[in-house]
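Breakdown of the fold
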Amino acid sequence: MNRPEEIGYADELLADGTVHRRYEDGLEEWRRRTSGHPHLVHWHDNRGASGTDELLGDRIIKRSLTDGTVTYARDIGYGRTLWARGEKVLVNRSSFGGRMGVLLAGLGVATLAVTAAQLPPLSMSPEQEEALRQQQAQAQQSSGGGGDSSGSGYSDDGSEGTDGSGSGDGTGDGNDWDAHWDGEGDAWNDDDFG
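The model shown is predicted, which means the values in this text are computed figures rather than measured ones. (Residues numbered from 1 in each chain as written. Predicted model: local features only at pLDDT ≥ 70, side-chain atom pairs only at ≥ 80, totals over all residues. Heavy atoms only, no water.)

Observations concerning the overall build of the protein chain
- Regarding its fold elements, the protein chain presents two helices and nine strands.
- Mapped from its N terminus to its C terminus, the protein chain presents α and β elements in the order β-β-β-β-β-β-β-β-β-α-α.
- Residues counted as buried form 50% of the 194 residues belonging to the protein chain. (Helix = DSSP H or I, 4+ residues; strand = E, 2+ residues; numbered from the N terminus. Buried < 20%, exposed > 50% of the residue type's maximum accessible area, 1.4 Å probe, protein only.)

Some points on the side chain of Arg63
- Checked against the element boundaries, Arg63 lands in strand 6 (residues 60-65).
- For Arg63, a relative accessible area of 13% puts it in the buried group.
- Engagement of the side chain of Arg63 in a polar contact is seen with the side chain of Glu29, the distance being 3.2 Å. (Polar contact = N/O pair within 3.5 Å; in protein donor to acceptor, adjacent residues only side chain to side chain.)

Looking at the pattern of salt bridges
- Applying the stated criterion across every chain, the model contains 13 salt bridges.
- Put simply, Arg63 and Glu29 hold a salt bridge, and the shortest N to O gap is 3.2 Å. Taken together, the positions of Arg63 in strand 6 and Glu29 in strand 3 (residues 28-34) put the pair 34 residues apart, joining distant regions of the chain.
- A relative accessible area of 1% means that Glu29 is categorised as buried. (Salt bridge = Lys/Arg side-chain N within 4 Å of Asp/Glu carboxyl O.)

Some points on unusual backbone geometry
- Its identity as a non-glycine residue notwithstanding, Asp58 has a phi of 55 degrees, on the positive side.
- By relative accessible area, which is 44% here, Asp58 ends up partly exposed.
- A positive phi angle, close to 55 degrees, is found at Tyr78, a residue other than glycine.
- The class for Tyr78 is partly exposed, based on a relative accessible area of 35%.

Regarding the packing of aromatic side chains
- Under the defined criterion, the tally for this structure stands at one aromatic pair.
- Centre to centre, the rings of Tyr9 and Tyr23 are 5.4 Å apart; their planes meet at 50 degrees, and the pair counts as tilted. Of this pair, Tyr9 sits in strand 1 (residues 5-13) while Tyr23 sits in strand 2 (residues 19-23); the two residues are 14 residues apart in sequence, bridging distant segments of the chain.
- With a relative accessible area of 1%, Tyr9 lands in the buried category.
- Owing to a relative accessible area of 8%, Tyr23 belongs among the buried residues under this scheme.
- Above the plane of the ring of Trp43 lies Arg63, whose end atom (NZ or CZ) is 4.0 Å from the centre. (Phe/Tyr/Trp six-rings, centres within 6.5 Å; stacked < 30°, edge-to-face > 60°. Lys NZ or Arg CZ within 6 Å of the ring centre and 35° of its normal.)

Remarks on the sheet that holds strand 9 (residues 88-92)
- Spatially, the nine strands close up into a barrel ordered 1-2-3-4-5-6-7-8-9, and their pairing is mixed. Each adjacent strand pair in this sheet contributes to an overall mean axis angle of 30 degrees, direction not counted.
- Two elements, strand 1 and strand 9, share five bridges in a ladder whose sense is parallel. Its bridge partner lying in strand 9, Gly8 is registered against Val91.
- Along the sheet face, helix 2 (residues 126-142) touches strand 4 (37-45), strand 5 (50-57), strand 6 and strand 7 (70-77) and points at about 65 degrees away from the line of strand 5. (Pairing = 2+ DSSP bridges. Axes fitted to C-alpha atoms, helices over the stretch in contact; angles between N-to-C directions. Contact = heavy atoms within 4.5 Å.)

Listed below in structure tokens is the structure:
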């Protein structure tokens, strides 16, 4: 078992429908969801990097940088997304509001040990990625649709993601990470993708 470095972040939904994500280590990202592809988020940060985050299925997030580098993460629930082969866990502080947040924080859920089964893959073939996309689409259909579909999200309007049960933050069935993405309420409480 491994205890990853924990980095918290909070999302702010902006008036134009994009999300400003602030990490506790000083990194900031601006994220926007892709119309027509609800599982894809475009982002750029304050350090000059940019790319996309895509919720593939089975809680796997694919991050593609503009230089062609690809890395994978896994939403492990309760607003936590595991990156860097288990070395880093991003924790959505936005999703830890109210009584549930107090309870989870009291139990130390954010810093639970990570098991080998939770680790994201090091690499995937295009065929494996497509199989996860199909799995995600089938799960979305069987659950009755539920919004735009998809991480993150987890923020999904890019990197945005999941509901904690799936890219990311919160608790749910992994298919409602973009609940309230239309601007009602706090769209990012259920969106982690990241």
